[in-house]
Amino acid sequence: MRLDKKSCSEEWYRIVEEIMGCIKCKLHKTRRNPVPGEGPCNAEIMFVGEAPGGKEDETGRPFVGAAGQFLTELLSMAGLRRENVFITNILKCRPPNNRDPEPDEIEACKPYLVRQVKLVSPKIIVTLGRYAGRILLGDAGIKWSNMTRMHGKVFSVELYGVKLKIMPTYHPAAALYYPKLKPVVIKDFKETLKGLVEEIREEKRNTNRVKKRHTILDFLSS
Ligand code: URA
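Residues numbered from 1 in each chain as written. Predicted model: local features only at pLDDT ≥ 70, side-chain atom pairs only at ≥ 80, totals over all residues. Heavy atoms only, no water.

Novice: Describe unusual backbone geometry, and please don't skip the residues or the numbers.
Specialist: Backbone geometry at phenylalanine 63 places phi at a positive 45°, although glycine is not the residue there. Structurally, the position occupied by phenylalanine 63 is in the loop between helix H2 (54–59) and helix H3 (66–77). Unlike most non-glycine residues, serine 121 shows phi in positive territory, near 50°. Here serine 121 is to be found in the loop between helix H4 (103–120) and strand E3 (124–128). In this structure serine 121 comes out as buried when scored by relative accessible area, which is 13%. (Helix = DSSP H or I, 4+ residues; strand = E, 2+ residues; numbered from the N terminus. Buried < 20%, exposed > 50% of the residue type's maximum accessible area, 1.4 Å probe, protein only.)

Next comes the structure, spelled out in structure tokens:
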């Protein structure tokens, strides 16, 4: 169930407030700013990365460094604007020297992501990198094998009580680091994700058409 705008933002502010004061794992000792995530709380598409990096830790905003710039380009290739999607991470605080997330950190931080997914109730989640892919698909009952096999596939699942589609892909930072991956990620966004976005838009157009027809029929029969 989608929450109405008022309760949606109230719950969002509660989540943000809790993350800002969170001391559930050791990362609170080394972070500068927690990074809760950003975007409209009724966004239809959600992106989940791994953890904030240096620039994100400095600003408190997700994906604002080099990987973020590339993500913004990828979004536009899929016909999306950054301000219309919800962007967050598995971990809300930066691991020192950008090391991999540790199991106790993931366990401590995941309840925030679960609440974000329930709140936003997106139609599509794009997981960026193997951590987000493994964790979210795992929680949706899909066994993770490896990125080479899983990327660009679309899984229709129920995740934390929300029916949605998950498309795993490579992390934008990996694509910047290994140029061979760049065209692979671009294809996932430009073809697969764009196709999903168009499906959502078409569904919306059809729903609006049916609504309009009902309104006209109601008017004529009144
Ligand atoms: N990498 C991530 O996974 N998340 C960010 O917010 C930035 C870089």
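Past the structure itself, the notes keep going.
Novice: Which residues make up the packing of aromatic side chains, and what are the values?
Specialist: Applying the stated rule across the entire model yields 3 aromatic pairs. Consider the rings of tryptophan 12 and phenylalanine 86, whose centres lie 5.3 Å apart with planes at 75°: the pair is edge-to-face. With tryptophan 12 in helix H1 (residues 5–20) and phenylalanine 86 in strand E2 (residues 86–89), the pair connects residues that are 74 residues apart, well separated along the chain. Consider the rings of phenylalanine 47 and phenylalanine 189, whose centres lie 6.1 Å apart with planes at 10°: the pair is stacked. In this pair, phenylalanine 47 sits in strand E1 (residues 45–49) while phenylalanine 189 sits in helix H8 (residues 182–221), placing the two residues 142 residues apart along the sequence. Judged by relative accessible area, phenylalanine 189 falls into the buried class, the value being 0%. (Phe/Tyr/Trp six-rings, centres within 6.5 Å; stacked < 30°, edge-to-face > 60°.)

Novice: Could you give me a rundown of the side chain of threonine 88, with the residues and numbers involved?
Specialist: Position of threonine 88 among the secondary structure elements: in strand E2. Within polar-contact distance, the side chain of threonine 88 engages the backbone oxygen of proline 36 at 2.9 Å. For threonine 88, the contacting residues outside a window of four places in its chain are Pro36, Gly37, Met46, Phe47, Val48, Gly49, Phe63, Leu113 and Gln116. (Polar contact = N/O pair within 3.5 Å; in protein donor to acceptor, adjacent residues only side chain to side chain. Contact = heavy atoms within 4.5 Å.)

Novice: Any details on the side chain of threonine 127? Residues and values, ideally.
Specialist: Note that threonine 127 resides in strand E3. Not counting residues up to four positions away in its chain, the partners in contact with threonine 127 are Val48, Ala132, Gly133, Leu136, Ile166, Met167, Pro168 and Thr169.

Novice: Mind laying out the sheet that holds E3, listing which residues take part and the relevant values?
Specialist: Read from one edge of the open sheet, 5 strands run E2-E1-E3-E5-E4, paired in mixed fashion. The two strands at the open ends of the sheet, each matched to only one other strand, are E2 and strand E4 (155–159). Ignoring strand direction, the axes of neighbouring strands in this sheet form an average angle of 30°. For E4 and strand E5 (residues 162–169), the ladder comprises 5 bridges, and the chain directions are antiparallel. (Pairing = 2+ DSSP bridges. Axes fitted to C-alpha atoms, helices over the stretch in contact; angles between N-to-C directions.)

Novice: Help me get a handle on the packing of H4 against helix H5 (residues 130–139), residues and values and all.
Specialist: The contact between H4 and H5 brings their axes to 13 Å, and the two run at 65°. For the element pair H4 / H5, the angle class is roughly perpendicular. The element H4 and its partner H5 pack so that their crossing is right-handed. Within the contact between the two elements, H4 uses Ile106, Lys110 and Leu113 and H5 uses Tyr131, Ile135, Leu136 and Asp139. Of the residues contributing to the contact of H4 with H5, the split by class is 5 nonpolar, no polar and 2 charged. (Parallel < 35°, antiparallel > 145°, perpendicular 65-115°, else oblique. Left-handed = near helix turned anticlockwise from the far one by under 90°. Nonpolar A, V, L, I, M, F, W, Y, C, P; charged D, E, K, R; others polar.)

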